[in-house]
Amino acid sequence: MNAFSRRNLQGKKVLLLFLLTNFVYAFMLVVTIPQLLIYSNGILIMDMMPTGYDLAHVTALLGKMGQEGRSFYLFRQIPTDMIYPGLFAISYSLLLGYFLKKVGKLESKLIYLCWLPILAGVSDYLENFGIINLLINFPDISSAVVALTNVFTILKSGFSTLYFVVLIVVFIVFVVKVIGGNLSKK
């Protein structure tokens, strides 16, 4: 792990970044995504389809949204979603590093697992660039851009899912270590 990460593994910094990241995510879940679902009449947006989508889905979605909905997607959802992946990458990488440090595994090869949220964040940015292209070019959208954007959506979801599984396992190890340490002190 680099010097930046090691310097920032203090609990308060990790917690602050975690809260900020999840505030932005909550804003999308409560404000922008529900509004997009209204515009789309319930058709799921690409960002929220972890198993992917195809040209027919994207064409139906963007057509149903109308110009106003596509404009909202481009100028409200996407700007917020350009902040979130960077925050996710940094805060969740540090969060895993923090717990690896607490269980004494920061110097092991497990540290490479801290790259998972970074890979998810990069995939999210690439997904966003694809969505921007589709929104700008609608109705003349490319099936190749849809296919590539779909790949990044699936990669984002896969890296995120794998990360959260790893985080849960490391957190369980941390809790067991804390409980075991407290029991041995009695």
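One numbering rule holds for all chains: residues counted from 1, following each sequence as written. Local features in this predicted model are restricted to residues of pLDDT 70 or higher, and side-chain atom pairs are both shown and tallied only at a pLDDT of 80 or more, whereas totals for entire chains, interfaces and linings draw on every residue. In computing side-chain properties, one takes all heavy atoms of the structure into account and sets aside hydrogens as well as water.

1. Things to note about the overall build of the protein
Logical step 1: Looking only at helices and strands, the protein has five helices and zero strands in total.
Logical step 2: Helical segments are the DSSP runs of H or I of at least four residues, strand segments are the runs of E of at least two, and each set is numbered from the N terminus. Shown N-terminal to C-terminal, the secondary structure of the protein runs as helices and strands in the order α-α-α-α-α.
Logical step 3: When its C-alpha atoms are laid out on the principal axes, the protein stretches across 65 × 30 × 25 Å.
Logical step 4: Each residue is assigned to one of three classes by its accessible area relative to the maximum for its type, calculated with a 1.4 Å probe on protein chains only: buried under 20%, partly exposed between the two thresholds, exposed over 50%. Considering the protein as a whole, with its 186 residues, one finds that 41% of them fall into the buried category.
Logical step 5: Should any heavy atoms of two residues lie within 4.5 Å, those residues are considered in contact. Pairs at least 24 apart in sequence give 78% of the contacts found in the protein among residues at least 6 apart.
Logical step 6: Put simply, the protein has 15 plus and 8 minus side-chain charges, and the middle of one group is 23 Å from the middle of the other. His residues and chain termini do not enter the charge count, which takes Lys and Arg as positive and Asp and Glu as negative. All charge positions are set by atom: Lys at NZ, Arg at CZ, Asp at CG, Glu at CD.

2. Here's the deal with the packing of helix α3 (residues 55–102) against helix α4 (residues 116–137)
Logical step 1: Only the contacting stretch of a helix is used when fitting its axis, a line to C-alpha atoms as for every element, and angles between N-to-C directions run 0 to 180 degrees. For the pair α3 and α4, the least separation of the axes is 9 Å and the interaxial angle reads 160 degrees. Classified by the angle between their axes, α3 and α4 sit roughly antiparallel to one another. For the element pair α3 and α4, the recorded crossing hand is left-handed.
Logical step 2: Split into classes, the residues belonging to the contact of α3 with α4 amount to 22 nonpolar, four polar and three charged. In what follows, roughly perpendicular refers to angles from 65 to 115 degrees, roughly parallel to angles under 35, roughly antiparallel to angles over 145, and oblique to any angle outside these ranges. With the far helix as reference, a near helix turned anticlockwise by less than a right angle produces a left-handed crossing, and one turned clockwise produces a right-handed crossing. Just so you know the grouping, Ala, Val, Leu, Ile, Met, Phe, Trp, Tyr, Cys and Pro go in nonpolar, Asp, Glu, Lys and Arg go in charged, and all remaining residues, Gly too, go in polar.

3. Structural notes on unusual backbone geometry
Logical step 1: In this model, F138 is joined to P139 through a cis peptide bond whose omega is 10 degrees.
Logical step 2: With phi around 55 degrees, N41 is a residue other than glycine that occupies positive phi space.
Logical step 3: With respect to the helices and strands, the residue N41 is situated in the loop between α2 (11–39) and α3.
Logical step 4: Looking at N41, the relative accessible area reads 58%, which means it is exposed.

4. Quick notes on the side chain of S40
Logical step 1: One can find S40 in the loop between α2 and α3.
Logical step 2: Definition of a polar contact: a pair of N or O atoms within 3.5 Å, with one able to donate and the other able to accept a hydrogen when the atoms are protein atoms, and with sequence-neighbouring residues admitted only if both atoms are side-chain atoms. Among the polar contacts listed, one links the side chain of S40 to the backbone oxygen of L37, at a separation of 3.3 Å.
Logical step 3: Within polar-contact distance, the side chain of S40 engages the backbone oxygen of I43 at 2.7 Å.

5. A word on a nonpolar patch on the surface
Logical step 1: On the surface, Y25, F27, L29, V30, V31 and M48 cluster together into a nonpolar patch covering about 480 Å² of accessible area.
Logical step 2: With respect to the element layout, L29 can be found in helix α2. Patch building starts from residues that exceed 30% relative accessible area and form no salt bridge, then joins like charges within 9 Å and nonpolar side chains (Val, Leu, Ile, Met, Phe, Trp, Tyr) within 5 Å. Each accessible area is a Shrake-Rupley estimate made with a 1.4 Å probe; only the visible protein chains count as cover when residues are assessed. Note on definitions: salt bridges are taken to be side-chain nitrogens of Lys or Arg within 4 Å of carboxyl oxygens of Asp or Glu.

6. Details of α2
Logical step 1: The span you would expect from a helix comes to 1.5 Å times its residue count less one. Given a rise of 1.5 Å per residue, 29 residues ought to cover 42 Å, and the 41 Å separating the end C-alpha atoms of α2 matches this to within 8%.
Logical step 2: What we call the bend at a residue is the angle made by axes fitted to the seven residues finishing there and the seven residues starting there. A maximum bend of about 40 degrees is found in α2 at M28.
Logical step 3: Within the span of α2, buried status applies to V14, T21, V24, M28, T32, I33, L36 and Y39.
Logical step 4: Where α2 is buried, its residues meet α3.
Logical step 5: Remark: N41 follows α2 within two positions and exhibits a positive phi of approximately 55 degrees.

7. Re the packing of α2 against α3
Logical step 1: Interaxial distance between α2 and α3 falls to 8 Å at its minimum, and their mutual angle equals 160 degrees. Here α3 runs roughly antiparallel to α2, going by the angle between their axes. In terms of crossing hand, the pair formed by α2 and α3 is left-handed.
Logical step 2: Counted by class, the contact of α2 with α3 contains 23 nonpolar, nine polar and four charged residues.

Shape is all these values report; function is a separate question.
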